[in-house]
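# Close look at the chain arrangement
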Amino acid sequence: MKRFFALLMLGAMLFALMPFALAEDMKEMPGEAAAEETMYSASASSVQYANRVNNTATSIAFGELRRTLNTYNYSVKALNEAIDAADGADRQIRQSISSLKDLQAQYVSFQSNAGVAAAACADNPAVAQAFGDLYAYWTINIATVGGQIADLEAQLKNNVTVETTQNTCSDTINQIVKGAESLYIGILKMELALGDAQRGVDALERVVNLTEKQKEIGMASDYDVESIRYQYANAASQLDSLRYQIKTSKITLEGMLGMDLSGTVALSTPVMPTNQEILGVDYDGELSRATGRNVDVMNAEAKYHGDSADGSYESVRAAKDTFAYKFKIVCLDVPEKQRLAAVAGDAVTYQQRTFEIAAKKYELGMLSREEYLNAQSEWEGAKTALMSAKLDLFTAYRAYIWAVQYGVV
């Protein structure tokens, strides 16, 4: 009889725990929490935008572009928030799986106790039947929770949206940063070209003055003057167009960096790669690491290993092959740009010697001022070409760094 009452108390305890188990089973699902989190994030973003703080800097160094974009560019900030939200959704699913497994373990314990009680009451069919029914109830609940766990685990395995979303958002941020870098270098090259264009206009202005004087003494016709004036006006117009392009490009960069849109942001020449860094370019040694960081490769592998409907080994192989040939070209471009920079350096040396000779002849009265100024302009142009070639080398090496560190080609 004592054993009978003990078993009844055990049964009462198990039934008392049922509401707790059912309450746990009714916990909020990840989708609902994610929806609330998304609404909160959207509201927070609106407040953040309303309280936006502008970047008051009037200059920017090349190496500060990524940090400044992360701080002031709202597209980048939104993408970072999307990455965090995707990571949060994934984390929430894993937490739900963990909670359900804990609940399932409790059910298994309840089921085991009910089985023990049923066996102990074998001599009392009615009580044994009650515990048998309780055992069956926990068996059903264990299977139900097991199904929920399996569904969530399958979602983690098959639904690669979280991983691919994070990959794509990170790649988009990289593309924005790389775009800002390209724009930065493009502006520097346009400013270099501005010097060449200005020297060309100055030279044509001198020719206009000379032709007009020649006309006065009958050595040039009206058409000669008209023709050279047309060339001068056209060159001056191109110079104005270049100034306009520089200004609008700077406004674009300022907008990306959260600065005032003045079109006057000051840029500095980036530090050029050392010869040791250039010699360190290594296709074979870096291909595997670089490939693993490419967004197309990562997404293809995520879909393939996640058993996604559009995932296949062929897709992974295609993404890797595409990256490989692009990366190979990036690696080959660095020494080629170094070679062209060396050629440009030789041209500067030659034009410098030519100018020094012209300066000596001009000093001795053996050369006209126009010829002297032309020689000087050629030297200045060669120096500009060298600086442009160095920027091309810098850009090529940066492309290599982008490929190795971020898988961007």
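Residues numbered from 1 in each chain as written. Predicted model: local features only at pLDDT ≥ 70, side-chain atom pairs only at ≥ 80, totals over all residues. Heavy atoms only, no water.

## Quick notes on the packing of aromatic side chains
Working definition: an aromatic ring pair is given by the centre-to-centre distance plus the angle between the planes. All told, the structure shown has 14 aromatic pairs when counted by the stated rule. On the numbers, 5.0 Å between centres and 70° between planes, the contact of Tyr137 with Trp138 is edge-to-face. For Trp138, a relative accessible area of 0% corresponds to the buried category. Between Phe323 and Phe327, the ring centres sit 5.7 Å apart and the planes meet at 15°, which makes this aromatic pair stacked. (Phe/Tyr/Trp six-rings, centres within 6.5 Å; stacked < 30°, edge-to-face > 60°. Buried < 20%, exposed > 50% of the residue type's maximum accessible area, 1.4 Å probe, protein only.)

## Examining the pattern of salt bridges
Scanning the model with the defined rule gives 15 salt bridges in all. One salt bridge connects Arg398 with Glu181, and the closest N-O pair in it is separated by 2.8 Å. Taken together, the residues Arg398 in helix H12 (residues 369–406) and Glu181 in helix H6 (residues 161–216) connect sequence positions 217 residues apart. Look at Arg398 and you get partly exposed, because its relative accessible area is 22%. Residue Glu212 is joined to Arg229 by a salt bridge in which the shortest nitrogen-to-oxygen separation is 2.3 Å. Of this pair, Glu212 sits in helix H6 while Arg229 sits in helix H7 (residues 222–256), and the two are 17 residues apart along the sequence. (Salt bridge = Lys/Arg side-chain N within 4 Å of Asp/Glu carboxyl O. Helix = DSSP H or I, 4+ residues; strand = E, 2+ residues; numbered from the N terminus.)

## Some remarks on the packing of helix H9 (residues 283–292) against helix H11 (residues 313–363)
Where H9 meets H11, the axes come as close as 10 Å, and the angle between the chain directions of the two elements is 135°. Considering their axes alone, H9 and H11 lie oblique with respect to each other. The handedness of the crossing between H9 and H11 comes out as right-handed. From H9, Tyr283, Glu286, Leu287, Ala290 and Thr291 reach across to H11, where they touch Lys320, Phe323, Ala324, Phe327, Lys328 and Cys331. (Axes fitted to C-alpha atoms, helices over the stretch in contact; angles between N-to-C directions. Parallel < 35°, antiparallel > 145°, perpendicular 65-115°, else oblique. Left-handed = near helix turned anticlockwise from the far one by under 90°. Contact = heavy atoms within 4.5 Å.)

## A closer look at the packing of H9 against H12
In contact at an axis separation of 6 Å, H9 and H12 are set at 60° when each is read in the N-to-C sense. Here H12 runs oblique to H9, going by the angle between their axes. Contact residues: H9 offers Glu286, Arg289 and Ala290, while H12 offers Tyr400, Ala403 and Val404. Of the residues in the contact of H9 with H12, the class split is 4 nonpolar, no polar and 2 charged. (Nonpolar A, V, L, I, M, F, W, Y, C, P; charged D, E, K, R; others polar.)

## Some details on H11
Between its terminal C-alpha atoms H11 stretches 75 Å, which fits the 75 Å expected from 51 residues at 1.5 Å a residue. Directly beyond the C-terminal end of H11, a positive phi value near 80° is found at Gly365. (Expected span 1.5 Å × (residues − 1).)

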